[in-house]
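# Inside the fold
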Amino acid sequence: MSCDNNHNQNGKDNPKVEFNFDDKYFIGMQEHFYDVRAMERSLTTDFICELNEAIGSKVFRLNVTMNSLFYVDRNDQVKFNTSTKEQMRIIIDSLKAHGVERIIYANDSFIYPYGYSVTHTICVPDPYTERDAYERWLKVNSVGYGMMAKEFPEIEYFEPINEPDIPNNEVLCKNGMVWGMAEPEFMYSIHDEANIVADLC
């Protein structure tokens, strides 16, 4: 694949840019598996996997929320929700059976230290004013990712949070944010969001 625009705004020749990639991974798909979320039963695992195969996709971006896959006990120990873990195994096996070669896990909902209440499951304890809660939050989520990687080795790529650059900072917001209401007092700076993502990694 190459890109060759004849001239730039100054009338000079643009350099020819070459892109080399394996185009079988160029087309991918994401769908929420409602067998897990139980929101719309007509979109079953089999239907989604068959559709993904029909378009020739070898890549799938899998979203099964952390807070549906795990819970945290009173000792801050992260445990699998057995039913969701079993359903996730079915999903991954079905994706593989329908030709998917690369699975990317994308999270949009966190788990929290025992006893820490949030207004939405994309809130993050403030690393400046809630340092202890923030460090415990990092630990339980990192443990969860480790458990997921061990249980589901088919997942080769992880996105620690979906769309951290969403407008109005409604992802990676401070505790107290209500979804859909962009209140400045609950927003992190872009710099702080980048640091939080880096800490999760």
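Use the structure listed above.
Described below are features of the structure shown in this document. (Residues numbered from 1 in each chain as written. Predicted model: local features only at pLDDT ≥ 70, side-chain atom pairs only at ≥ 80, totals over all residues. Heavy atoms only, no water.)

Moving on, we come to unusual backbone geometry. Of note in this structure, D76 is not a glycine but carries a positive phi near 60 degrees. Its place among the elements puts D76 in the loop between β5 (70-72) and β6 (78-80). (Helix = DSSP H or I, 4+ residues; strand = E, 2+ residues; numbered from the N terminus.)

What follows is about the environment of C201. Tracing the backbone shows C201 in the segment after α6 (190-200). We classify C201 as exposed; its relative accessible area is 72%. Separated by 63 residues in sequence, C201 and L138 have C-alpha atoms that sit 9.6 Å apart. (Buried < 20%, exposed > 50% of the residue type's maximum accessible area, 1.4 Å probe, protein only.)

Within the largest apolar cluster, 26 residues are counted, with the highest numbers of intra-cluster contacts made by L62, M88, M148 and I155. Those elements that provide at least two residues to this core are α2 (45-54), β4 (59-63), α3 (66-69), β5, β6, α4 (82-97), β7 (102-106) and α5 (131-151). The element contributing the most residues to this core is α4, with 4 residues. Sequence-distant contacts of I155, defined by excluding residues within four places in its chain, comprise L62, M88, I92, I103, Y105 and M148. Counting 20 residues, the second largest nonpolar core, distinct from the first, contains V124, V171, L172 and V197. (Core = buried A, V, L, I, M, F, W, Y, C linked by side-chain atoms within 4.5 Å. Contact = heavy atoms within 4.5 Å.)

Tracing the backbone shows R136 in helix α5. Setting aside chain neighbours within four positions, we find R136 in contact with D76, P113 and Y114. At 3.2 Å, the side chain of R136 forms a polar contact with the backbone oxygen of Y114. (Polar contact = N/O pair within 3.5 Å; in protein donor to acceptor, adjacent residues only side chain to side chain.)

So, about the packing of aromatic side chains. Tallying each qualifying case throughout the model produces 8 aromatic pairs. Each ring, one from Y105 and one from Y145, has its centre 6.2 Å from the other, and the planes form 75 degrees; the classification is edge-to-face. Of the two residues, Y105 is situated in strand β7 and Y145 in helix α5; the sequence distance between them amounts to 40 residues. Like Y105, the residue Y145 is buried in the burial classification. On the basis of an interplanar angle of 25 degrees and a centroid distance of 5.7 Å, the ring pair of Y134 and W137 is categorised as stacked. Of this pair, Y134 and W137 are both found in helix α5, 3 residues apart, which corresponds to roughly one turn of the helix. In this structure Y134 comes out as buried when scored by relative accessible area, which is 1%. A residue is classified by how much of its surface remains accessible, and W137, at 0% relative accessible area, is buried. The rings of F70, F80 and F152 are connected pair by pair, giving a single aromatic cluster. (Phe/Tyr/Trp six-rings, centres within 6.5 Å; stacked < 30°, edge-to-face > 60°.)

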